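A closer look at the structure
As a plain string of letters, each chain reads:
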Amino acid sequence: MPSVLLVGATGMLGASLSRQLKEKYPNWPLTVYFRNVQADYWFRNVVGVDTIEHGAFEDTAKVRALAAEHDIVINTGSSFDPTLSQAIVEGLKQRRGSQKGTLIHVSGGGNFIDLRKDGKYSPDSKVWNDANEDDIKLINSSMLNGAADRLILDAGNEGNINTFIVCQALTYGVAEGPLPSLGIGYKILTGNAKSIGFVPYVGDGSALLSVIHVNDALNFILKIVDLAVSEVVTGPAESRYYNIYGERVAWKDVATVLARTLHKKGLFSSSEARSVPIEQAGEGEIPKLLGSNMLMQGDRAASLGFKVTARSILEHIPEDLEAYSF
Ligand SMILES: NC(=O)c1ccc[n+]([C@@H]2O[C@H](COP(=O)([O-])OP(=O)(O)OC[C@H]3O[C@@H](n4cnc5c(N)ncnc54)[C@H](OP(=O)(O)O)[C@@H]3O)[C@@H](O)[C@H]2O)c1
C-alpha cells in the first residue's frame, strides 16, 4: 500500500483528486498538504484523509521532509514553481527503503504557446506531440512551466526517482472541494478581464487554445497513478510525459462567451468581447497567451486510453461561472 502526499490539495484539481483517490484506494495512507485551516473539516469528514499537514509551498524544508516520508508525491499545486518541485525531488531522493519514490507532476500547456503576437491561427505553428520524445526534450526554463518540468525530467533521467508529468490544457468545469476553486485557467481569464475592464482577444482571435474539462483530466491522472504503481518504470523520463486536451477553440469564441457571461453576472456593462493589439490585452504574461496558438497533441496519452467525455468549453463557461461572484 503506497503512501501518497498530495500537494495543492485545496485547488480545483487537488480537492477532487483527493476524494477520488481515497474512494479508489481506501487503504492507501493519504496525506494532504495545504495552508487554509478552514479546509480541515472537509478533508477529514468528506474525504477521510489519513493526515493533514498545513504549510505553504515556500516551507521547502517541510515539503522536503514530507516527500521523504511518502512513496508517491502528487503535485497539483504549482506547475511554475521550480523551488517547490526541487524540494519534492530532494525529499523523494532521501527516502529510505529499496523502492524508488515516485513524483506525479501536473504541468500546463502554457509551455507550448507559439508566441505569435497577432492572435492569428497559423497552419505552420508547431504542434507539440507527447509521443515525440524530441518535442519533450525541447522543454526548457523559458517556457511558462518549463523550469519545473525540466528539473523533473532531469531528475527522472538521473534515475533515482520515477517521474510522470501530466501536461494539461487550460482547464474548465466545476470542481468540488472545501472552498471550490475556479482553477488557474479561469482565474487568469476572469482576473485579466477585470483588471482591464473588458474581455479582450488579440487581432482576429483565430489563434487556437487547447482546453480540457477537469473530469477528463482527473480520470487521466488517476490512470497515471495506476500505471505508476503497477508497471516497472523503464525508458527516459520524456517517455512518461503526457499531453491531455479535449478540444482546440479560437480565442475569439472563448472571449465572446466569456464576455456575455460576465455581462450577465453584472461585471461589465458591455456583453461584447473586444479585439485589441497584444499591448492592450492585459498585464504580465497573460497577453502572450492570448496572442498565441497553443497546439497540443496527446498521442501517447491516447494510447493509454485518454478519452474526452465533456461538452465544449463554449457550452460550459456560463454554468461553470454560475456560482462565482467577481
Ligand atoms: N486550471 C488550469 O487551467 C490548469 C491548466 C494546466 C495546468 N494547471 C496546473 O495544475 C495545477 C493545479 O491547478 P488548479 O487550477 O487546480 O489550481 P488552483 O485551483 O488555483 O489551486 C492551486 C492550489 O495551490 C495552492 N497554493 C497556491 N499557492 C500556494 C502557496 N504559496 N503555498 C501553499 N499552497 C499554495 C492553493 O491553495 P490556497 O487554496 O491556499 O490558495 C490551491 O490548493 C497547477 O500547477 C496548475 O498550473 C492548471
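Residues numbered from 1 in each chain as written. Predicted model: local features only at pLDDT ≥ 70, side-chain atom pairs only at ≥ 80, totals over all residues. Heavy atoms only, no water.

1. Details of the site of the ligand
T10, R35, S79, S181 and K187 are the nearest of the 27 residues found near the ligand. Note that an oxygen atom of the ligand is positioned 2.8 Å from one of the side-chain N or O atoms of R35. Interatomic distance of 3.1 Å between a backbone N/O atom of G185 and an oxygen atom of the ligand. Here the ligand has 900 Å² of accessible area as a free molecule, and 87% of this is covered by the chains. Counting only elements with at least two residues in the shell around the ligand, the list comes to α1 (12-24), β5 (101-108), β8 (170-172) and α7 (184-196). Partitioned by chemical class, the residues of the shell around the ligand number 9 nonpolar, 15 polar and 3 charged. (Near = heavy atom within 4 Å. Polar contact = N/O pair within 3.5 Å; in protein donor to acceptor, adjacent residues only side chain to side chain. Areas by Shrake-Rupley, 256 points an atom, 1.4 Å probe, with all protein chains shown as cover. Helix = DSSP H or I, 4+ residues; strand = E, 2+ residues; numbered from the N terminus. Nonpolar A, V, L, I, M, F, W, Y, C, P; charged D, E, K, R; others polar.)

2. Some details on the side chain of R240
Relative to the helices and strands, R240 is located in the loop between α8 (214-230) and β11 (241-244). Here R240 is buried and forms no salt bridge, its nearest opposite-charge partner E238 lying at an N-O distance of 7.4 Å. Engagement of the side chain of R240 in a polar contact is seen with the backbone oxygen of P236, the distance being 3.4 Å. Excluding its chain neighbours within four sequence positions, the residues that come into contact with R240 are G156, T163, F164, I165, V233, T234 and G235. (Buried < 20%, exposed > 50% of the residue type's maximum accessible area, 1.4 Å probe, protein only. Lys, Arg positive; Asp, Glu negative; His and termini not counted. Salt bridge = Lys/Arg side-chain N within 4 Å of Asp/Glu carboxyl O. Contact = heavy atoms within 4.5 Å.)

3. Concerning the pairing of strand β7 (residues 161-168)
Burial within β7 is extensive, with 8 of its 8 residues counted as buried. Taking every second residue as pointing to the same face, both faces of β7 are buried, with I161, T163, I165 and C167 on one and N162, F164, V166 and Q168 on the other. Pairing of β5 with β7, which is carried by 8 bridges, proceeds in the parallel orientation. In the sheet register, G108 faces β7, and the bridge partner there is Q168. Where β7 and β11 come together, 4 bridges link them in parallel fashion. Its bridge partner lying in β11, I165 is registered against Y241. (Pairing = 2+ DSSP bridges.)

4. Let's talk about helix α2 (residues 40-47)
Within α2, the full set of buried residues consists of D40, W42, F43 and V47. Against α1, β2 (30-34) and β3 (51-54) lie the buried residues of α2. Where α2 terminates, the next one or two residues include G48, which has phi positive at roughly 80°.

5. Some thoughts on the layout of surface pockets
Rolled over the atoms, a probe as big as a water molecule pinpoints where empty space is left. The calculated volume of the largest pocket comes to roughly 1,200 Å³. If you go around the largest pocket, you meet 43 residues; those closest to its centre are G77, S78, S79, F80 and I184. Sorting the residues of the lining of the largest pocket by element identifies α1, β2, β5, β8, α7 and α10 (286-290) as the ones contributing at least two each. With 4 residues, the top contributor of residues to the lining of the largest pocket is α7. A class-by-class count of the residues in the lining of the largest pocket yields 18 nonpolar, 20 polar and 5 charged. (1 Å grid on protein atoms, 1.4 Å probe; cavity = no way out; pocket = protein on both sides within 12 Å on 5 of 7 lines; lining within 4 Å. Points joined across faces, edges and corners; volume = space filled by probe spheres on them.)

6. Digging into the sheet that holds β11
One open sheet holds the 7 strands; their spatial order is β3-β2-β1-β4-β5-β7-β11, and the pairing between them is parallel. Strands at the two margins of the open sheet, each flanked by one partner only, are β3 and β11. Across the sheet, the mean angle from the axis of one strand to that of its neighbour is 15°, orientation sign disregarded. Strands in contact with helix α6 (residues 146-158) are β5, β7 and β11; relative to β7, the strand with the most contacts, it is inclined by about 150°. (Axes fitted to C-alpha atoms, helices over the stretch in contact; angles between N-to-C directions.)

7. Here we look at the sheet that holds strand β10 (residues 208-213)
The 3 strands are arranged β8-β10-β12 in an open sheet whose pairing can be described as mixed. Of all strands in the sheet, those bounded by a partner on one side alone are β8 and β12 (247-250). The sheet shows a mean angle of 45° between the axes of neighbouring strands, direction not considered. Pairing between β8 and β10: 3 bridges, direction parallel. Within β10, the residue paired with L170 across the bridge is V211. Where α8 meets the sheet, it contacts β8 and β10, and its direction lies at approximately 70° from that of β10. Docked against the sheet, helix α9 (residues 251-264) engages β10 and β12, running at close to 75° with respect to β12.

8. Topic: empty space enclosed by the protein
This structure, assessed with the given rule, holds 2 cavities of 30 Å³ or more. Its boundaries defined by the atoms lining it, the largest cavity holds a volume of some 70 Å³. Lining the largest cavity, in full, are I188, L189, N192, V199, P200, W251, V254, A255, L258 and L290. Those elements that provide at least two residues to the lining of the largest cavity are α7 and α9.

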